[in-house]
Amino acid sequence: MAEITAGMVKELREKTDAPMMECKKALTEAAGDMVKAEEILRVKLGSKASKAASRITAEGLVGIHISGDGKSGAMIEVNCETDFVAKNDDFLKLTKECAELIAIKNPADVVALSALPMGEGTVDSTRAALVGKIGENLSIRRFVRVEAKGKLASYIHGGAKIGVLIDLVGGDEQLAKDLAMHIAASKPKSLDSTGVSADLIESERRVAIEKAKEAGKPEAMIEKIAEGSVQKFLKEVTLLGQVFVKAEDGKQTIEQLLKVKGASIAGFTLFMVGEGIEKKVNDFAAEVAAQAAAAAQK
């Protein structure tokens, strides 16, 4: 049997917000498999065990640049160590100028972007100089560049911690803005079910089956119940299936809204600063205690 370490228990607790003992039991039952253990906790504890899905950890900014005609644009995430630096004018300028460069020059990746001219040197030398000036590590994490089939629109939320770039075909400026705001609020995983990974769908199906079994549902009904749960899940995580956040009746889906407006969405991208990055959390009390102990030894 795989050894269940304290570190594994801590990691699972941070992902799920489940009690320590429940995390240890789940890891033991899953023979140390973190993904399987998370599924076990979701069966036992419900949605609380999905906390990590939208947790934002690292600091930084999302920057967006769209051409005047709305036909091309870019969105970038640039990271730093503290929120204080994310508000620094030089950091804001770097993020803005990188987004503009991506939209205009269309670099293949972060390495290519880093080599592009900026100021008296390159993007990377500018970044490195800023690291020296600020005294904090800075990194360009990711970006996307879009050539629109329709017209691009964007939305920045939460002090540029969440950014949305959407390609809307038809419709008008207000509809584009509303849709971008909806994406920022509801955080869909994809436009429709074809964009949801098979592994994620299968995970939902397994969880639903185990829940149905624990609830004592008849064996003949379990597959039907599981399929219903999967379809409900897909509506919740796909943009077209979600209920529009501004729907007056609380029922109109994005798909229905687009049909009424005679529009369609060619694609969208959602960036949440630090998504999926574990942020170091300092225990202030522990630091003070350690400093006091060190001082006593002297």
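Just above, that's the structure.
Keep in mind that what you see is a predicted model, and the values were worked out from it rather than measured.

Engineer: What am I meant to see in the layout of surface pockets here?
Structural biologist: By rolling a water-sized probe across the atoms, one finds the places where empty space is left. Its boundaries defined by the atoms lining it, the second largest pocket holds a volume of some 270 Å³. For the lining of the second largest pocket, the elements supplying multiple residues, two or more each, are β6 (151-157) and α8 (173-186). Broken down by element, the lining of the second largest pocket gets its largest block of residues, four residues, from β6.

Engineer: Looking at this structure, I do not really get the packing of helix α1 (residues 6-16) against helix α2 (residues 20-29). What am I missing?
Structural biologist: When two helices pack together, their arrangement is given by the angle between their axes and by how far apart the axes lie. At their nearest, the axes of α1 and α2 sit 9 Å apart, and the two run at 115° to each other. Relative to α2, the element α1 is oriented roughly perpendicular. Taken as a pair, α1 and α2 cross one another with a handedness that is right-handed. Taking contact as the criterion, the partners of Met-8, Val-9, Leu-12, Arg-13 and Thr-16 in α1 are, on α2, Met-20, Cys-23, Lys-24, Ala-26 and Leu-27. When the residues that make up the contact of α1 with α2 are grouped by side-chain class, the tally is seven nonpolar, one polar and two charged.

Engineer: Sorry if this is basic, but what is going on with the pairing of strand β7 (residues 162-169) here?
Structural biologist: Side-chain positions along a regular strand alternate between the two faces of the sheet. Burial runs high along β7: seven of the eight residues are buried. Across seven bridges, the pairing between β6 and β7 is antiparallel. Paired with His-157 across the strands is Ile-162, a residue of β7. Counting the residues that bridge the hairpin from β6 to β7 gives four residues, and of these Gly-158 lies at a positive phi of roughly 65°. Pairing geometry for β7 and strand β8 (residues 264-272), over eight bridges, is antiparallel.

Engineer: Sorry if this is basic, but what is going on with the packing of α8 against helix α11 (residues 254-261) here?
Structural biologist: Taken N-terminus to C-terminus, the directions of α8 and α11 make an angle of 175°; their axes are 12 Å apart at the nearest point. Taken together, the axes of α8 and α11 lie roughly antiparallel to each other. In this structure, α8 contributes Leu-175, Leu-179 and His-182 to the contact, and α11 contributes Ile-254, Leu-257, Leu-258 and Lys-261. Its residues assigned to classes, the contact of α8 with α11 comprises five nonpolar, one polar and one charged.

Engineer: I'm lost on the sheet that holds strand β5 (residues 139-147) in this one. Help?
Structural biologist: Sheet strands associate in pairs through backbone hydrogen bonding, adopting either a parallel or an antiparallel arrangement. As summarised here, the arrangement of the three strands in space is β1-β2-β5, forming an open sheet in which the pairing is antiparallel. One side of each edge strand has no neighbouring strand; the edge strands of this open sheet are β1 (59-66) and β5. Neighbour-to-neighbour, the strand axes of this sheet turn through a mean angle of 10°, independent of strand direction. Across eight bridges, the pairing between β1 and strand β2 (residues 72-80) is antiparallel. When the sheet's bridge partners are listed, Val-62 is paired in β2 with Glu-77. Strand contacts of helix α5 (residues 89-105): β1, β2 and β5, with the helix running at about 145° to β2, the strand carrying the most contacts.

Engineer: Looking at this structure, I do not really get the pattern of salt bridges. What am I missing?
Structural biologist: Pairing of side chains with opposite charge becomes possible as their charged atoms draw close. One pass over the structure, following the stated rule, counts 16 salt bridges. For Lys-161, the salt bridge identified is with Asp-83, shortest N-O distance 3.0 Å. Here the residue Lys-161 occupies a position in the loop between β6 and β7, and Asp-83 occupies one in helix α4 (residues 83-86), the gap between them amounting to 78 residues. By relative accessible area, Lys-161 is classed as buried at 16%. Connected through salt bridges with shared partners, the residues Glu-59, Asp-83, Lys-87 and Lys-161 form a single ionic network.

Conventions used here
Residues numbered from 1 in each chain as written. Predicted model: local features only at pLDDT ≥ 70, side-chain atom pairs only at ≥ 80, totals over all residues. Heavy atoms only, no water. 1 Å grid on protein atoms, 1.4 Å probe; cavity = no way out; pocket = protein on both sides within 12 Å on 5 of 7 lines; lining within 4 Å. Points joined across faces, edges and corners; volume = space filled by probe spheres on them. Helix = DSSP H or I, 4+ residues; strand = E, 2+ residues; numbered from the N terminus. Axes fitted to C-alpha atoms, helices over the stretch in contact; angles between N-to-C directions. Parallel < 35°, antiparallel > 145°, perpendicular 65-115°, else oblique. Left-handed = near helix turned anticlockwise from the far one by under 90°. Contact = heavy atoms within 4.5 Å. Nonpolar A, V, L, I, M, F, W, Y, C, P; charged D, E, K, R; others polar. Buried < 20%, exposed > 50% of the residue type's maximum accessible area, 1.4 Å probe, protein only. Pairing = 2+ DSSP bridges. Salt bridge = Lys/Arg side-chain N within 4 Å of Asp/Glu carboxyl O.

Purely spatial values, then, with no claim about function.
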